[in-house]
Amino acid sequence: MEHWIGALAVAIVAALLILTSQLRHKRIYPYLDAFAQAYCEAADHVLHGRVITDTPAVERLDGGGVALLPAEAQPEAVRSLLEQGIDDYVMQRLRTMYEMRAKAQEHLTGINYVGKKINGVLNRCYDLANLSFSIINDPTVARREEHLDEFRFFLTKQRFLRTTTLASVVSEECRKKLAAQ
């Protein structure tokens, strides 16, 4: 009998932990959804729905760095993107992403799986957007090869970022909107 009471107590504690985690996740959905919306709006504004598969032309620098060649030496799609640049609208969306990420992280703990997963997705998407927008804004700055790989990923994998990466942490309603884009 005592064995069953102990097992029941463990089951109740586990259920409460899972329930608490789920409630915490639901409470941060507005921040996660606003983050995803700001990300999509900024990316759509910059890319205009295009998937840019052309590889940006780069110059290899001493010390292992790379720099984008001037816009006139770039493939047409990349040239158009660089000439367009980054405007205040994109910067505002990036600020919104930063704020929503901070608000979501206030409600998360890094010691559970859900918190680690959400933090990872928010940080990945924010850092990817920030890096890509900074490259577009000033392509003359020398970068590491990994930065250009990330930039290429941003240019070519928007569908994946929306329907897999962001969709893994947002509400069901937002997930449907992301899938429809």
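The rules behind the values
- Throughout, a residue's number is its position along its own chain's written sequence, starting from 1.
- In keeping with the predicted nature of the model, local features appear solely for residues at pLDDT of at least 70, side-chain atom pairs appear and are counted solely at 80 or more, and the whole-chain, interface and lining totals rest on all residues.
- As a rule here, side-chain values come from all non-hydrogen atoms in the structure, and water together with hydrogens is ignored.
- Strands here are runs of E lasting at least two residues and helices are runs of H or I lasting at least four, both read from the DSSP assignment and numbered beginning at the N terminus.
- Accessibility here uses a 1.4 Å probe with only protein chains present; expressed as a share of the type maximum, an area under 20% marks a residue as buried, one over 50% as exposed, and anything in between as partly exposed.
- It only takes one pair of heavy atoms within 4.5 Å for two residues to be counted as in contact.
- Accessible surface area values rest on a Shrake-Rupley calculation with a 1.4 Å probe, where residue burial reflects the displayed protein chains alone.
- Ring geometry is summarised as follows: Phe, Tyr and Trp rings, the Trp one being its six-membered ring, pair when their centres sit within 6.5 Å, and such pairs are stacked at plane angles under 30 degrees, edge-to-face over 60 and tilted between the two.
- Only when the NZ atom of a Lys or the CZ atom of an Arg is both within 6 Å of the ring centre and within 35 degrees of the ring normal do we say a charge sits over the ring.
- In this count, Lys and Arg are taken as positive residues and Asp and Glu as negative ones, while His and the chain termini are left out.
- Think of a salt bridge as a Lys or Arg side-chain nitrogen and an Asp or Glu carboxyl oxygen that are within 4 Å of each other.
- The term disulfide is used for any two cysteine sulfur atoms that are within 2.5 Å.

Tallying secondary structure elements over the protein gives seven helices and two strands in all. Reading the helices (α) and strands (β) of the protein from amino to carboxyl end gives α-β-β-α-α-α-α-α-α. Counting every position in the protein, which comprises 181 residues, the buried fraction comes to 37%. A separation threshold of at least 6 residues defines the contact pool for the protein, and within that pool the share at least 24 residues apart is 68%. Element-wise, carbon and sulfur atoms account for 58% of the exposed surface of the protein, whose accessible area totals about 10200 Å².

Quick look at the packing of aromatic side chains now. Throughout the structure, instances matching the rule amount to four aromatic pairs. Between Tyr39 and Phe154, the aromatic rings sit 6.4 Å apart at their centres with planes inclined by 85°, giving edge-to-face as the arrangement. Linking Tyr39 in helix H1 (residues 2-47) with Phe154 in helix H5 (residues 145-156), this pair joins segments that are 115 residues apart in sequence. Across this residue pair, the class does not change: Tyr39 and Phe154 are buried. Judged by centre distance (6.2 Å) and plane angle (80°), the rings of Phe153 and Phe160 are edge-to-face. Since its relative accessible area comes to 21%, Phe153 is described here as partly exposed. Owing to a relative accessible area of 40%, Phe160 belongs among the partly exposed residues under this scheme. Taken together, the ring pairs in this structure connect Tyr39, Phe133 and Phe154 into an aromatic cluster. Above the face of the Tyr126 ring, Arg101 is positioned so that its terminal group lies 4.3 Å from the ring centre.

A separate point is the side chain of Arg101. The topology assignment puts Arg101 in helix H3 (residues 88-106). Lacking a salt bridge, the buried Arg101 has Asp127 as its closest oppositely charged neighbour, with an N-O distance of 4.0 Å. Apart from the residues within four sequence positions on either side, Arg101 is in contact with Phe35, Leu122, Asn123, Tyr126 and Asp127.

Counted according to the given criterion, the structure contains 10 salt bridges. One salt bridge in this structure joins Asp149 and Arg152, with 2.7 Å as the shortest N-O distance. Of the two residues, Asp149 and Arg152 both sit in helix H5, three residues apart, roughly one turn of that helix. Several salt bridges share partner residues, and in doing so they unite Arg60, Glu145, Asp149 and Arg152 into one network.

Here, disulfide denotes a covalent bond that connects the sulfur atoms of two cysteines. For the structure shown, the criterion picks out zero disulfides. No disulfide involves Cys174; its sulfur sits 7.2 Å from the nearest other cysteine sulfur, which is in Cys40. Classification of Cys174 as buried rests on a relative accessible area of 9%.

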